[in-house]
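Working through the structure, step by step
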Amino acid sequence: MISLNWVGDYVDIENENINELTDKITKFGVNIEKVISNNIEKLVIGHVEKVEKHPDSDHLNVCQVNLGDEVVQIVCGASNVREDLKVIVAKTGAVLPGNFEIKKSTIRGIESNGMICALFELGLEEKTEETYAKGITELPSDAQVGADPLKYLGISDTILELDVHKHHNNDCYYHIGFAYIVAAILNKKVKLPEVNIKEVNESINDHFKLDINTDKCSLYTARMVKNVKIGESPDFIKNRLVAAGMRPINNVVDISNYVMLEYGQPLHFFDKDKLGDKIVVRLAEDKEPIKTLDGKERVLSSEDIVITDGLKPVCLAGVMGGENTEVDENTKNILIESAIFDGINIRKTSSRHDLRSEASTRYGKGLNYEYTYEAINRAAYLLQEYAEGEVLKDTVVIDNVDKTPKIIEVKAKEINDILGIEISDNDMKNELERLGFVYNYDNETFNITIPPRRLDIESSANDIAEEIGCLYGYHNLVGTLPVQSQKKGEYKGNIGYRKQISKRLRALGLNEDKNYTLVPPSMASEFIYEDKKQIVLPNPMSLDKSVVRTTLIPSLLDTYEYNKKRHVKDINLYEISNTYYEDYKEETKIAVLMSGNYISNSWSNNNIKVDYYVIKGILENLLNYVGLNNRYSYERLEDNKYFHPGMSAKIFVDKEEIGVIGRVHPSISKDEIYVMEISMNKMNKQTKPLKFKEANKYPEIVKDVAFIVDKNISSEDVEKVIKKVGGRLLSDINVFDVYTGEKVKENEKQIAYSLTFTKEDRTLTEDEVMEKFNEIIKKVTETVPATLRDN
Amino acid sequence: MIEKVNLIKESFEKIIPTITDMKTLNDIKVEYLGKQGKVTELSKLMKDVPNEDKKEFGMLVNSVRTLVTETLDNKKEELETAMLNEKLANEKIDITLPSTNISVGAPNILEKVVEDMENLFMSMGYDVVEGPEIEEDLYNFELLNLPKGHPARDSQDTFYLEGDKILLRSHTSPVQARTMLEGKGEKPIRMVCPGKTYRRDDDDATHSHQFMQIEGLLIDENATLADLKGTFDAAAKHLFGEDCKTRFRPSYYPFTEPSVETDISCFSCKGKGCPLCKNTGWITISGAGVVNPKVLSMCGYDPKRWHGFAFGFGLERIAMLKYGINDIRTFYQTDLRQNKIFDRKEDK
């Protein structure tokens, strides 16, 4: 959160219209989530001219208050109201926090036109017994009647709540940085805060030694301040901390936070007397303990950076201080730490210990070494000014920062080629100056030195293009289209194949379902029909999303249950999704679930109820559609506890098993549900190109025959023989009746076929057809075996 | 003789009106035209007619026969029509009773949006490609300028499957890297890539651990940020209508530089400010930018020669906005009562 009042210390925004400014900031690329202003309309400074006791109350007063352009009568209950006092007046019509509107009213018979306020009533101070007891806020006598009291007090503020996650630019994390953004937008200069230390004649070197035993701390600086007085912070510090979303605690703690919000450099204050005379920075030992400021015992790992007193940890670097060296109300002498730790380590430490703080976030982003130095001096100065501290001479420093400046060589043309705009060399010079970037210009080439503050800028022309683009304003960018492509785009790989299947399944009346890839173990173990291992997540979020599914059927059943609960009767679904096996091999599966009626009518009995043969019809329609006519076959699926042993099959194409089809085992669901699943990869086989074929011109001869066979003999067994004997003369074979019952034995069934004979080049004779027909009957009865039914 | 003929004729004419059903008609037909029928009998009298009268008598008998035949035929047709009409009247049904349900399946709403976008981009020359959902860290992060320890990795809290090497892809961007590596730095690229992505988010109305993105990549010798703007404008208008306005706001993604967030004008309030656009008048619908030169070189494209832009849309977000869906779980919990609504054509 950025306080514009605070930013105003470093760049002149006194006369800027806040709405216009926030609009410019947004266009520059800073995402402002919310603009919060503490301005309250109809708030003025008033002068109490006359106070009289309320005739009907022992604690109310009737006041005549001069507001500059008028004198109003206000009934006031505060005990400190008196004549000749300058006060804050909320006029009628003002709306105070809590949506409390000031209205003209009559209090015990006396008219009142407004309210004399205390700061807590305006939401600018915490409401405590103490502030309450103080009564109304008393303004100094130089306050100008009729003026805006918040401006007069210097607490008029607008707070910008930023969505910083989308920003790489560290400038959004601290007020001086934000001032640089505003300065670039307004083409103004940044003025850094005051540091005027009066050092006492004593050096920190007489009290303190520093050692760094890790490469995860590139810079460590320390200063010492003696004899501080712990107390309350001045109002401006408290107000600003509150504005930036932090709670004031005491002057010393507040100063460390204040400087962090100013420079973006987190600081840590040690109680020097508790610390002793030495600091060693190192990596923690595995399982080393520390008790942090929040009172929690923590066990460290060898990736955590710790500040130690030479023996034990006194601070979890960059994340939280240790209780053993905490500044408390009795602290006299302070050691200030301003340092740079490795951002990745800090991020890992804060997430491992679940300790995310303003400080750890900033370390994680990376820090500007210049401000490490400036911040420590600023903090020492503020302790001197607001905690009566005595600052010792010298700063203890170990500095291993690589300070090689980052220089980017770029031409204006490169910027234009990236952005698609036209800016001249002179425009570019102006913009670089606004950004505060130092450059050399020679032979149409800019050599730009990136300020160390801008750690986000890498070393390509694109980085400069981004900066220039933000200033130029993307709203000024005119959209163009890339040069027209020579060809229309197309579906690559098997995407087109999948789309066509998906469309076909919808045309067949199935609804597309979409489910999660990650399923609970219970679901992952159902409907397994392949001998393949599954991927189990090593660190799942929860058990119900812990296995990568290898079959889609359980997910479809889930959808079935969901819809059944909502009284949907006819549930026909499909899903096409990728599945993955333990070896990460990808297989795209097509799954179908059908239940209820396929075609239904709510009032007549003209329904087609889903059964095995309906879902088989869907399957075969699909297989024929992809050109696999006559290339598929089935085998009974009996040994799978999720499928009905009598109504399920394995599906083969060219003798390769591609999937399963059948009824869900009644022990899994009492409902009559049919499912199938096939591998799209295995189904996607080479097929003959589509070609026109003329219909046969010669008449066909149809012969009917019925066989009685054992119940375990499948129709396919019979058909195979018929086809083999029938050869090319037999053009079609069709089952027209299946019978079990009284006319046959209990273990038998009767299947009736109608056989069509044709020849493409001539008319068949009855004799040659009869000969073939009799041959078929003979072969079937002998080999299947079967009995010919006598008519 | 002639009188006899006339008598028969008269008796027939008298009997005609009494024919009201087929049986009577057939009986009368037999009575007059049958083997022993009255008209047939008349012919037999011919032999008794004197020769000079034979011609006249014959003509008279024939005229009676024709009269009887034609009259009966007409009567028959009349009766048949009446019978058919009666039958049809009896077959009358209630034409307002409910129809038989002839249903075609509905698409998943997300797939509908995917296809819409694919069609748009294919018309602009982009191929549609896909990549694996189980990815290597290399493609998902490293090659996209997200080295280990990069802060942006934190915001894409990832499902790792094996150490820090194999993962469920956290975005569709790895397909960019794969496509560029396939292009071997030699040919321009135009592709979009829709697909499932995964992040460790707890599911609620606006978060889903599984979601869909559509990624786009264009690499050419002279692609600019302005080209991205024009392309985005076309996509926004295609999705949300011709009067949809767009804007770019600077943003940050490691794989693009400069990066932008792309907004469309709020179609609900037309930019005036409403709850949908949080009173800003704008809705963010994608992230995009100029391909970071680091990414180009890591993926084999010389940044001195090639420029490119990339964009990524969250498909759930687009679908939610377009169809007014409030809960992201809607897409992953097929409710047939709702899905049916989406089985229809849409006017553009």
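A few points on the structure.

Calculation criteria
Residues numbered from 1 in each chain as written. Chains lettered and ligands numbered in written order. Predicted model: local features only at pLDDT ≥ 70, side-chain atom pairs only at ≥ 80, totals over all residues. Heavy atoms only, no water. Core = buried A, V, L, I, M, F, W, Y, C linked by side-chain atoms within 4.5 Å. Buried < 20%, exposed > 50% of the residue type's maximum accessible area, 1.4 Å probe, protein only. Helix = DSSP H or I, 4+ residues; strand = E, 2+ residues; numbered from the N terminus. Contact = heavy atoms within 4.5 Å. Buried area = accessible area lost by both parts, 1.4 Å probe. Salt bridge = Lys/Arg side-chain N within 4 Å of Asp/Glu carboxyl O. Polar contact = N/O pair within 3.5 Å; in protein donor to acceptor, adjacent residues only side chain to side chain. Pairing = 2+ DSSP bridges. Expected span 1.5 Å × (residues − 1). Axes fitted to C-alpha atoms, helices over the stretch in contact; angles between N-to-C directions. Parallel < 35°, antiparallel > 145°, perpendicular 65-115°, else oblique. Nonpolar A, V, L, I, M, F, W, Y, C, P; charged D, E, K, R; others polar. Disulfide = S-S within 2.5 Å.

On to the nonpolar core, then. All names here are of chain A. Among the nonpolar cores identified, the biggest contains 130 residues, and Phe178, Phe269, Met428, Ile448 and Ile464 are the most heavily contacted of them. Per-element accounting of this core gives the leading share, nine residues, to helix α5 (residues 175–186). In this view, Ile464 contacts Ile408, Val410, Ile415, Met428, Leu432, Phe437, Ile448 and Ile450; residues no more than four positions away in its chain are not counted. Core analysis: the next-biggest nonpolar cluster, separate from the first, contains 36 residues, Leu219, Val281, Ala284 and Tyr369 among them.

Once that is clear, we can look at the interface of chain B and chain A. Counting residues at the interface gives 89 residues for chain B and 82 residues for chain A. The largest per-residue losses of area from chain B upon contact with chain A belong to B:Pro250, B:Glu257 and B:Leu336, which jointly make up 9% of the total buried on that side. At the boundary of chain B and chain A, one finds nine salt bridges. Two residues, A:Arg498 and B:Glu130, come together in a salt bridge whose shortest N-O distance is 3.0 Å. For the interface between chain B and chain A, the tally reads 37 residue pairs in polar contact (both at pLDDT 80 or more).

Residue and element names in this part refer to chain A. Inspection of the sheet shows strand β27 (residues 406–411) paired to strand β29 (residues 445–450) by six bridges, in the antiparallel sense. Paired with Lys411 across the bridge in β29 is Thr445. In textbook terms, the turn of a hairpin is the stretch between consecutive antiparallel strands, and for strand β28 (residues 438–442) and β29 this stretch comprises two residues, one of which, Asn443, has a positive phi near 55°.

A word on the pairing of β28(A). Pairing of β28(A) with β29(A) involves five bridges; the strand directions are antiparallel. Pairing of A:Asn440 across the sheet is with A:Asn447, part of β29(A).

Residues and elements named next belong to chain A. Its twelve residues give helix α20 (residues 715–726) an end-to-end C-alpha distance of 16 Å, which sits within 8% of 16 Å, the value for a rise of 1.5 Å per residue. The secondary structure elements touched by the buried residues of α20 are β42 (701–710), β43 (730–739), β44 (748–757) and α21 (766–783). Positive phi shows up at Gly727, right after α20, with a value of about 55°.

Residues and elements named next belong to chain B. In spatial order, the strands read β1-β5-β6-β10-β9-β8-β7; together these seven strands make up an open sheet with mixed pairing. Two strands bound the open sheet, and with one partner strand each, they are β1 (127–128) and β7 (246–253). Of the pairings in the sheet, the one linking β7 to strand β8 (residues 256–265) comprises seven bridges and is antiparallel in character. The residue of β8 that forms the bridge with Arg249 is Glu261.

With that settled, consider the sheet that holds strand β38 (residues 632–636) of chain A. Residue and element names in this part refer to chain A. The seven strands lie next to each other as β30-β34-β35-β41-β40-β39-β38, forming an open sheet whose pairing is mixed. Single-partner strands in this sheet number two, and they are β30 (511–512) and β38. Bridge analysis of strand β35 (residues 586–595) against strand β41 (residues 673–679) gives seven bridges, and the strand direction is antiparallel. Within β41, the residue paired with Ser595 across the bridge is Ile673.

This part covers the packing of helix α1 (residues 2–15) of chain B against helix α4 (residues 51–90) of chain B. All names here are of chain B. At a closest axis distance of 10 Å, the pairing of α1 and α4 adopts a crossing angle of 10°. Considering their axes alone, α1 and α4 lie roughly parallel with respect to each other. Residues Ile2, Val5, Lys9, Phe12 and Glu13 of α1 pack against Glu56, Phe57, Leu60, Val61, Val64, Leu67, Val68, Thr71 and Leu72 of α4. Taken together, the residues that form the contact of α1 with α4 break down as ten nonpolar, one polar and three charged.

It is worth spelling out helix α15 (residues 495–507) of chain A at this point. Residue and element names in this part refer to chain A. Relative to the 18 Å expected for 13 residues at 1.5 Å per residue, α15 spans 18 Å between its end C-alpha atoms, a close match to the ideal helical length. For α15, the full list of buried residues reads Ile495, Gly496, Tyr497, Arg498, Lys499, Ile501, Ser502, Leu505 and Arg506. At the C-terminal side of α15, Gly509 shows a positive phi close to 95°.

What follows concerns the pattern of salt bridges. Residues and elements named next belong to chain A. Under the criterion given, the structure shown has 65 salt bridges over all chains. Where Lys188 meets Glu16, a salt bridge forms, and the shortest distance between an N and an O atom there is 3.5 Å. Linking Lys188 in the loop between α5 and β14 (200–203) with Glu16 in the loop between α1 (4–7) and α2 (18–28), this pair joins segments that are 172 residues apart in sequence. Relative accessible area serves as the criterion here: at 29%, Lys188 is assigned to the partly exposed category.

Right, let's talk about the state of the cysteines for a bit. Taken as a whole and judged by the stated rule, the model has zero disulfides over all chains. No disulfide involves A:Cys217; its sulfur sits 11 Å from the nearest other cysteine sulfur, which is in A:Cys315. As a non-bridged cysteine, B:Cys269 has B:Cys266 as the owner of its nearest cysteine sulfur, 3.5 Å distant.

Such coordinate-based values are descriptive only and should not be taken to indicate function.
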